[in-house]
Amino acid sequence: MAVEAPERQTGVFFDWFWKKQEPERVDRRTLQRWRLIEVGLGLLPGKKILDVGAGRGLTARFLAEKGFLVSACDVSSDSVNLMRQQGLVGFVFDLEEDELEQKYDAIFCLEV
């Protein structure tokens, strides 16, 4: 029998989770993902990219620095506020509940 979670419980968890993380720490796994992104996209600046489950915005910032037009979303409103403070375009988005309103050249869901 399935147990129903309270609505938006995931966002509450990740609000708590991201408060515990070091904002600028980039781990080895993230660096490996960035290398795959560079190869996969061919570093074509100007492409419109969405980073889903962006967390602290590290990958979104990496892509923006490479010349992409980046938007980032996360289920955590605290996470989105952190991204916006860094100058990123961020919005709250739940993969299970919400629908995208824009089109993108590539969408990354790296840790969701």
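Undergrad: With reference to specific residues and values, describe the nonpolar core.
TA: Within the largest apolar cluster, 16 residues are counted, with the highest numbers of intra-cluster contacts made by I37, I49, L63, M83 and F108. Looking at this core, the element that brings in the most residues is helix α3 (residues 58–65), giving four residues. Here I49 is in contact with L41, L63, F68, L69, V70, S71, Y104, A106 and F108, once residues within four sequence places are set aside. Core analysis: the next-biggest nonpolar cluster, separate from the first, contains five residues, L50, C73, F93 and Y104 among them.

Undergrad: Hey, could you go over the side chain of D94 for me, with residue numbers and the actual values?
TA: Within the fold, D94 resides in the loop between β3 (89–92) and β4 (106–109). Within the structure, D94 has its side chain in polar contact with the backbone nitrogen of E96 (distance 2.9 Å).

Undergrad: So what's going on with the environment of L69? Residues and values would help.
TA: If you trace the backbone, L69 turns up in strand β2 (residues 69–74). The exposure class assigned to L69 is exposed, which follows from its relative accessible area of 52%. Taking the C-alpha atoms as reference, L69 lies 9.8 Å from D105; in sequence the two are 36 residues apart. Setting aside residues no more than four positions away along its own chain, L69 makes contact with G46, K47, K48 and I49.

Parameters at a glance
- Residues numbered from 1 in each chain as written.
- Predicted model: local features only at pLDDT ≥ 70, side-chain atom pairs only at ≥ 80, totals over all residues.
- Heavy atoms only, no water.
- Core = buried A, V, L, I, M, F, W, Y, C linked by side-chain atoms within 4.5 Å.
- Buried < 20%, exposed > 50% of the residue type's maximum accessible area, 1.4 Å probe, protein only.
- Helix = DSSP H or I, 4+ residues; strand = E, 2+ residues; numbered from the N terminus.
- Contact = heavy atoms within 4.5 Å.
- Polar contact = N/O pair within 3.5 Å; in protein donor to acceptor, adjacent residues only side chain to side chain.

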